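The primary structure of each chain is shown beneath.
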Amino acid sequence: MKLPGILLLISLLLCGCAREVSPVSALALDREDDVYRLTAEVVRQDSLDDAASPAYLSATGRDLPELLTNLSNILPGELYLSHAQVLLISESVAEESILPLADYLCTENDVRLSLRVAVVRDGTATDLLQSDDEVYALSELLDRAAQEGTLPDMPLYRVSEVLHADGTAILPALYLDEFGQTSPAGTAVFANERLSCFLDGDEIGGGTHA
């Protein structure tokens, strides 16, 4: 777990308000028929001596404001998004215009503009989010791939900027491999703010997808 997350949890425990805040490390957005499902990876730490571990909670709704409200209602404490580092979206979500989603998150005071956005290929965003039991594992994977140039470096603010420019964008794609591990799956190409196609790693950055 990264140092800022440790310091946050320590400060919360010392001030006696650890139960009043639920820090979220990652989010997954899926579409199920006419509703959306938002799943949050919540940082859980029972004591200062325990390593942080994730818990997963999901809520459904018709749009993002309703999703966040419904998610907040089932969390053990106040929804805290400032430590969220990754947003995963499924193919069904990406096939719609994602510009309203990006714009809304950019205006939320609690959401960091460096939040990384990735499209989940051949599966649900929730399943991929829950495949790793280490807090911030997804963020570290995407950070490393961006630094190495194997996946696009597309934080939230840049997604919004390029979509506003001409409706096109190239986002990193991830999938669960045959061993159930999260792996790069090339890039997700957007045109007119919607998912147009996937390109494998040998075509434009990123890992290969079987």
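Further up the page is the structure itself.
Residues numbered from 1 in each chain as written. Predicted model: local features only at pLDDT ≥ 70, side-chain atom pairs only at ≥ 80, totals over all residues. Heavy atoms only, no water.

Undergrad: How would you explain the packing of aromatic side chains if you had to name every residue and give the values?
TA: Each aromatic ring pair is characterised by the separation of its centres together with the angle its planes make. Summed over the entire model, instances satisfying the criterion amount to zero aromatic pairs. Of note, R31 hangs over the ring of Y36, and the distance from its end group to the ring centre comes to 4.9 Å. (Phe/Tyr/Trp six-rings, centres within 6.5 Å; stacked < 30°, edge-to-face > 60°. Lys NZ or Arg CZ within 6 Å of the ring centre and 35° of its normal.)

Undergrad: Can you break down the side chain of S183 residue by residue, with the values?
TA: Note on placement: S183 falls in strand β8 (residues 182–191). Looking at S183, its side chain comes within polar contact range of the side chain of D177, at 3.1 Å. Dropping the residues within four chain positions of it, S183 is found in contact with A173, L174, Y175 and D177. (Helix = DSSP H or I, 4+ residues; strand = E, 2+ residues; numbered from the N terminus. Polar contact = N/O pair within 3.5 Å; in protein donor to acceptor, adjacent residues only side chain to side chain. Contact = heavy atoms within 4.5 Å.)

Undergrad: Describe unusual backbone geometry, naming the residues involved and giving the relevant values.
TA: With a phi angle near 60°, D33 is a residue other than glycine that sits in the positive phi range. Tracing the chain through its elements places D33 in the loop between β1 (21–32) and β2 (35–44). In this model, E193 sits at a positive phi of 70°, which is unusual for a non-glycine residue. By the element assignment, E193 lies in the loop between β8 and β9 (194–199). For E193, a relative accessible area of 23% translates into the label partly exposed. (Buried < 20%, exposed > 50% of the residue type's maximum accessible area, 1.4 Å probe, protein only.)

Undergrad: Tell me about the packing of helix α4 (residues 99–107) against helix α7 (residues 156–166), and name the residues and values.
TA: One can describe the packing of α4 onto α7 by two numbers: an axis separation of 9 Å at closest approach and a directional angle of 135°. The orientation of α4 relative to α7 falls into the category oblique. Classified by chirality, the crossing of α7 by α4 is left-handed. Of α7, the residues touching α4 (which contributes L99, A102, D103, L105 and C106) are L156, Y157, V159, S160, L163 and H164. Within the contact of α4 with α7, the residues separate by chemical class into eight nonpolar, two polar and one charged. (Axes fitted to C-alpha atoms, helices over the stretch in contact; angles between N-to-C directions. Parallel < 35°, antiparallel > 145°, perpendicular 65-115°, else oblique. Left-handed = near helix turned anticlockwise from the far one by under 90°. Nonpolar A, V, L, I, M, F, W, Y, C, P; charged D, E, K, R; others polar.)

Undergrad: I'd like a rundown of the pairing of β2, residues and numbers included.
TA: Across the ten residues of β2, seven count as buried, placing the element largely inside the fold. In this sheet, β2 lies alongside β1 in antiparallel orientation, the contact comprising eight bridges. Among the inter-strand pairings, D30 is bridged to a residue of β2, identified as R37. Hairpin connection, β1 to β2: the antiparallel pair is bridged by two residues, and D33 has positive phi, about 60°. (Pairing = 2+ DSSP bridges.)

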